[in-house]
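The primary structure of each chain is shown beneath.
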Amino acid sequence: MERKPLEVESKDNHQQNPSSALYGGSATAVDEDVLHHKQVVFRGWKVMPFIIGNETFEKLGIIGTLSNLLVYLTAVFNMKSITAATIINAFSGTINFGTFVAAFLCDTYFGRYKTLSVAVIACFLGSFVILLTAAVPQLHPAPCLGTAVDTLCNGPSGGQIAFLLMGLGFLVVGAGGIRPCNLAFGADQFNPKSESGKRGIDSFFNWYFFTFTFAQILSLTLVVYIQSNVSWTIGLTIPAVLMFLACLIFFAGDKLYVKIKASGSPLASIAQVIAVAIKKRGVKPVQQPWLNLYNYYPPKYANSKLKYTDQFRFLDKAAIMTPKDKLELDGKPADPWKLCTMQQVEEVKCIVRVLPIWFASSIYYLTITQQMTYPVFQALQSDRRLGSGGFVIPAATYVVFLMTGMTIFIVVYDRLLVPTMRRITGLDTGITLLQRIGTGIFFATASLIVSGFVEERRRTFALTKPTLGMAPRKGEISSMSAMWLIPQLSLAGIAEAFAAIGQMEFYYKQFPENMRSFAGSIFYVGGGVSSYLGSFLIATVHRMTQTSSGGNWLAEDLNKGRLDLFYFMIAGLLAVNFVYFLVMSRWYRYKGSDDEMTTYETNEDIIKQQDKNVA
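Residues numbered from 1 in each chain as written. Predicted model: local features only at pLDDT ≥ 70, side-chain atom pairs only at ≥ 80, totals over all residues. Heavy atoms only, no water.

Under an unreviewed UniProt entry, the protein chain has the name Major facilitator superfamily (MFS) profile domain-containing protein and belongs to Capsella rubella. One UniProt comment on the protein chain, placed under Sequence similarities (unreviewed entry), says "Belongs to the major facilitator superfamily. Proton-dependent oligopeptide transporter (POT/PTR) (TC 2.A.17) family." The protein chain has a UniProt comment under Subcellular location (unreviewed entry) that states "Membrane". (UniProt positions renumbered as here; feature names shortened; annotations may be inferred.)

Below, the structure is given as C-alpha cells:
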C-alpha cells in the first residue's frame with residue numbers, strides 16, 4: 001500500500017476559470033472522497049479487480065456488439081454490402097477520431113473518472129439499443145423471402161435507421177470516452193514516485209492489453225458463433241448483459257479510486273507558447289538559456305519540472321523576458337500571451353518530439369490492418385477442414401490466432417523477458433520503450449514477408465494441384481491447409497505485444513501529466529490514420545493494376561490476383577518506416593525531471609484507518 005501527499009483543490013480554487021493548466025488553479029487534485037484527508041492513498045493492484053474487471057466485461061460487450069456488425073446490417077437490416085461497409089467505416093473512424101474530443105473534455109473539464117462514468121453508461125445504452133433492433137420485429141425490416149434478393153427484400157425504414165443510428169451514437173460516445181481514459185485512469189492508481197508504483201504501472205500496461213485481447217478472442221469465437229448460428233437476439237443480449245456488469249463493477253470501486261480532477265485546457269498553454277514564440281521571433285536568443293529563460297511554477301503545480309533541452313530552440317523565445325513584459329506580485333506573467341515559462345516551452349517540446357514517433361507507429365499499423373482483413377480472404381480459398389469429422393473452421397476465426405499470439409506473448413514478456421532483461425540492462429522495464437516499439441515494427445515487417453510467401457504457396461497449390469471446389473463469389477479453393485496462415489498471424493500478434501503496448505506506455509509517460517488522456521487518444525487516432533492510409537493503398541493498387549499486363553493484384557479471386565506482391569509492397573514500406581523509426585529514436589530525448597525522488601510513509605495502520613474512513 002502506497003500513499004503520496006497531494007495538495008487538494010479547495011472549493012474556492014475549483015470556482016476559478018481553468019483557462020490554463022499552468023495558470024488559473026491547481027493542476028491536479030482529487031475528488032470529494034479524499035477532501036477530508038490531505039493525503040492520497042494509492043491502492044495500486046488492490047483496485048485492479050474493479051478496473052480490469054470493468055475493462056474485460058466492457059471490451060467483451062463492445063467487441064461482442066461490433067465484431068459481427070457488418071454481417072448484422074446485411075443479414076438483418078437487408079443492407080447492401082457497400083452501404084453496410086460505408087456505415088461501419090464511418091462509425092469506426094468516428095470512434096477513433098472521437099477519442100481526441102473525449103480526451104479534450106476529460107483533461108479540460110470533467111476528469112477521467114467522470115468521463116468514464118458517462119462512457120460506460122453510454123456503452124450499455126448503445127448495446128441495449130442495438131439489442132432492441134434485433135429483438136423487436138418493428139425495429140428491423142422483415143426477413144428476405146425466396147432467392148430473388150433484389151425483389152423480395154425490403155430495406156429498413158427511416159425510423160428503423162434512426163433507431164439503429166441512435167444505438168451507434170451511444171456506442172461512439174461510450175467507446176470514444178473509454179479508449180483514451182481507461183488506461184490512464186488505471187495507471188493513476190499507482191504511485192508514480194515510488195519504485196513499486198513505477199513497476200506497477202509498467203506491468204499494468206501489459207495486463208491491460210492481455211484482457212483486451214482475451215475479450216477479443218471470446219467475442220470473435222463464442223459470441224460471433226451464437227449471433228450467426230443460434231440467434232441474433234441471444235447473441236446481442238450477451239454483450240448488453242456484459243456491459244451492465246461492467247457498469248456495476250466499475251461503480252463498486254467508487255470510494256477506492258484515486259480521482260484526478262481536470263486541470264483546465266492544456267491546449268491553451270500550447271497555443272500560448274506557439275503564439276508568443278512567433279511574436280518574439282525577432283528577439284535575440286539568450287546565452288545559457290537553462291539559466292536565463294524566464295520560469296515560474298504556480299502553487300500546487302503537479303506536472304514534472306522539466307530540464308531545459310536544446311531541441312526546437314525557436315520555441316525558447318516564448319520564455320525570453322523583454323522590458324515590455326510585466327509580472328504580477330507573485331511572479332507570474334501579467335499576460336501569458338506575451339510571456340511564457342521555460343516549463344511551458346519544455347512541455348510543448350515533449351509533445352513535438354513525440355510526433356515523429358507517432359507517425360512511424362501509425363505506418364506500423366498498416367500491418368495489423370492488413371492482417372485483420374486479407375487472411376480471411378486467404379482462408380476462404382484454403383483448406384479449412386479440421387480433422388476427419390468434416391468440421392470447417394470459419395474463415396473469420398483465423399484472426400483469433402493474431403489475438404492468441406499477442407495474449408500468450410504478453411505473459412511471456414511480462415513474466416520472463418522483462419525480469420531477464422532487467423538483470424542485463426538495469427532498466428525497470430527491461431528495455432527502453434522505443435526499443436520495444438522498434439522490436440514490434442521489426443516483427444510486423446517479418447509478418448508481412450511471411451504472408452507474401454504463404455500466399456505464393458497457396459496460389460501455386462491452387463493453380464497446379466487439384467482443388468477442393470469453389471468458394472462462393474471467389475474462386476477455386478486451394479488444397480493448402482489454412483493452418484499455414486498461423487505463422488504470419490502469430491508474428492503480427494507478437495508485434496502488437498511489443499509495439500501497441502509500448503506505444504501506449506510511451507505516450508502516457510512522455511506527455512505532460514495533464515495531457516495523459518490526450519496521450520491515450522493519439523494512440524487510437526494513429527490507428528484511424530492507418531486505416532484510411534490502408535484504404536487508400538488498396539484503392540490505388542487496385543486501380544493501377546487492374547488494367548496492367550500482369551493482372552489485378554487484388555482481384556476478387558485471389559488465384560487470379562497477386563496478393564503476395566501486395567504483401568511484399570507493404571513489407572517494403574514497413575522496412576523504410578523501420579529505418580526512419582531508428583533515425584528518429586536516436587534523435588529522441590526522453591522527458592527528464594528535476595524532481596527529487598521522495599520516500600513516502602507506508603505505515604499500514606495509518607493506511608488501514610484511511611481505508612475505513614473512505615469506506
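Next comes the rest of the write-up.
Trainee: What is the right way to look at the overall build of the protein chain in this model?
Mentor: If you tally the helices and strands in the protein chain, you get 18 helices and four strands. Of all 615 residues assigned to the protein chain, the portion counted as buried reaches 53%. The long-range share in the protein chain, meaning contacts at least 24 apart out of those at least 6 apart in sequence, stands at 83%. (Helix = DSSP H or I, 4+ residues; strand = E, 2+ residues; numbered from the N terminus. Buried < 20%, exposed > 50% of the residue type's maximum accessible area, 1.4 Å probe, protein only. Contact = heavy atoms within 4.5 Å.)

Trainee: Would you explain a nonpolar patch on the surface in this entry?
Mentor: A cluster of nonpolar side chains, Val101, Leu105, Tyr109 and Phe110, forms an exposed patch at the surface whose accessible area comes to about 390 Å². By secondary structure assignment, the location of leucine 105 is in helix 4 (residues 81-135). (Patch = residues over 30% accessible without salt bridge, like charges linked within 9 Å, V, L, I, M, F, W, Y side chains within 5 Å. Areas by Shrake-Rupley, 256 points an atom, 1.4 Å probe, with all protein chains shown as cover. Salt bridge = Lys/Arg side-chain N within 4 Å of Asp/Glu carboxyl O.)

Trainee: Explanation requested: the packing of helix 11 (residues 342-371) against helix 15 (residues 486-510) in the structure shown.
Mentor: Packed helices, taken two at a time, are described by their axes: the angle between them and the distance between them. With their axes 11 Å apart at the nearest point, helix 11 and helix 15 run at an angle of 160° to one another. Classed by the angle they form, the pair helix 11 and helix 15 counts as roughly antiparallel. For the pair helix 11 and helix 15, the crossing hand works out as left-handed. Contacts between helix 11 and helix 15 involve Cys350, Val354, Ile357, Trp358, Ser361, Tyr364, Tyr365, Ile368 and Gln371 from the first element and Gln488, Leu489, Ala492, Ala495, Glu496, Ala499, Ala500, Gln503, Phe506, Tyr507 and Gln510 from the second. (Axes fitted to C-alpha atoms, helices over the stretch in contact; angles between N-to-C directions. Parallel < 35°, antiparallel > 145°, perpendicular 65-115°, else oblique. Left-handed = near helix turned anticlockwise from the far one by under 90°.)

Trainee: What should I look at first to understand the pattern of salt bridges in this one?
Mentor: Applying the stated rule across the entire model yields nine salt bridges. A salt bridge links aspartate 325 to lysine 280; the nearest nitrogen and oxygen atoms lie 2.8 Å apart. Within this pair, whereas aspartate 325 is found in the loop between helix 10 (289-292) and helix 11, its partner lysine 280 is found in the loop between helix 9 (266-279) and helix 10, the two being separated by 45 residues in sequence. Just as aspartate 325 is buried, lysine 280 falls in that class too. The partner of glutamate 455 in a salt bridge is arginine 458, and the shortest N-O contact between them spans 2.9 Å. In this pair, glutamate 455 and arginine 458 both sit in helix 14 (residues 433-464), three residues apart, roughly one turn of the helix. The exposure class of glutamate 455 is buried, given its relative accessible area of 0%.

Trainee: Explanation requested: the packing of helix 9 against helix 11 in the structure shown.
Mentor: Running from amino to carboxyl end, helix 9 crosses helix 11 at an angle of 100°, the nearest separation of the two axes being 9 Å. When the axes of helix 9 and helix 11 are compared, the pair comes out roughly perpendicular. Seen from helix 9, the contacting residues are Ser269, Ile270, Gln272 and Val273; seen from helix 11, they are Gln344, Val345, Val348 and Ile351. Residue composition of the contact of helix 9 with helix 11, grouped by class: five nonpolar, three polar and no charged. (Nonpolar A, V, L, I, M, F, W, Y, C, P; charged D, E, K, R; others polar.)

Trainee: Teacher, can you tell me more about the packing of aromatic side chains here?
Mentor: Aromatic rings in a pair are described by how distant their centres are and how their planes are angled relative to each other. Tallied over the entire structure, the rule returns 33 aromatic pairs. Seen from their ring centres, tyrosine 374 and phenylalanine 566 are 5.8 Å apart, and the 55° between their planes marks the pair as tilted. Here tyrosine 374, found in helix 12 (residues 374-380), pairs with phenylalanine 566, found in helix 17 (residues 563-587); they are 192 residues apart in sequence, far enough to count as distant. Neither residue differs from the other here; tyrosine 374 and phenylalanine 566 are each classed as buried. Feature note: the residues Phe409, Tyr413, Phe442, Phe443, Phe498 and Phe578 constitute an aromatic cluster, connected by ring pairs. Note that arginine 457 overlies the ring of tryptophan 484, its terminal NZ or CZ placed 4.3 Å from the centroid. (Phe/Tyr/Trp six-rings, centres within 6.5 Å; stacked < 30°, edge-to-face > 60°. Lys NZ or Arg CZ within 6 Å of the ring centre and 35° of its normal.)

Trainee: I would appreciate a short explanation of the nonpolar core in the present structure.
Mentor: For soluble globular proteins, the rule of thumb is that nonpolar side chains tend to be buried together. Judged by nonpolar contacts, the single largest core of 137 residues is most densely connected at Tyr72, Phe209 and Phe506. The greatest single-element share of this core, amounting to 14 residues, is contributed by helix 4. In contact with tyrosine 72, other than residues within four places in its own chain, are Phe77, Ile130, Thr133, Ala134, Trp232 and Leu236. (Core = buried A, V, L, I, M, F, W, Y, C linked by side-chain atoms within 4.5 Å.)

Trainee: Can you walk me through helix 15 in this structure?
Mentor: Residues lying three or four places apart along an α-helix face the same way, a consequence of the helix completing one turn every 3.6 residues. The terminal C-alpha atoms of helix 15, which comprises 25 residues, lie 35 Å apart, in line with the 36 Å expected from a rise of 1.5 Å per residue. In the structure, helix 15 departs most strongly from a straight axis at glutamate 496, where the bend amounts to approximately 30°. In terms of burial, helix 15 is a largely internal element, 21 of the 25 residues being buried. (Expected span 1.5 Å × (residues − 1). Bend = angle between axes of the 7 residues up to and from the residue.)

Trainee: Is there a simple way to explain unusual backbone geometry in this structure?
Mentor: It is generally the case that most residues other than glycine have a negative phi and that most peptide bonds are trans. Even without being glycine, glutamine 288 reaches a positive phi, approximately 45°. Within the fold, glutamine 288 resides in the loop between helix 9 and helix 10. The backbone of phenylalanine 312 sits at a positive phi, close to 50°, despite the residue not being glycine. With respect to the helices and strands, phenylalanine 312 occurs in the loop between helix 10 and helix 11.

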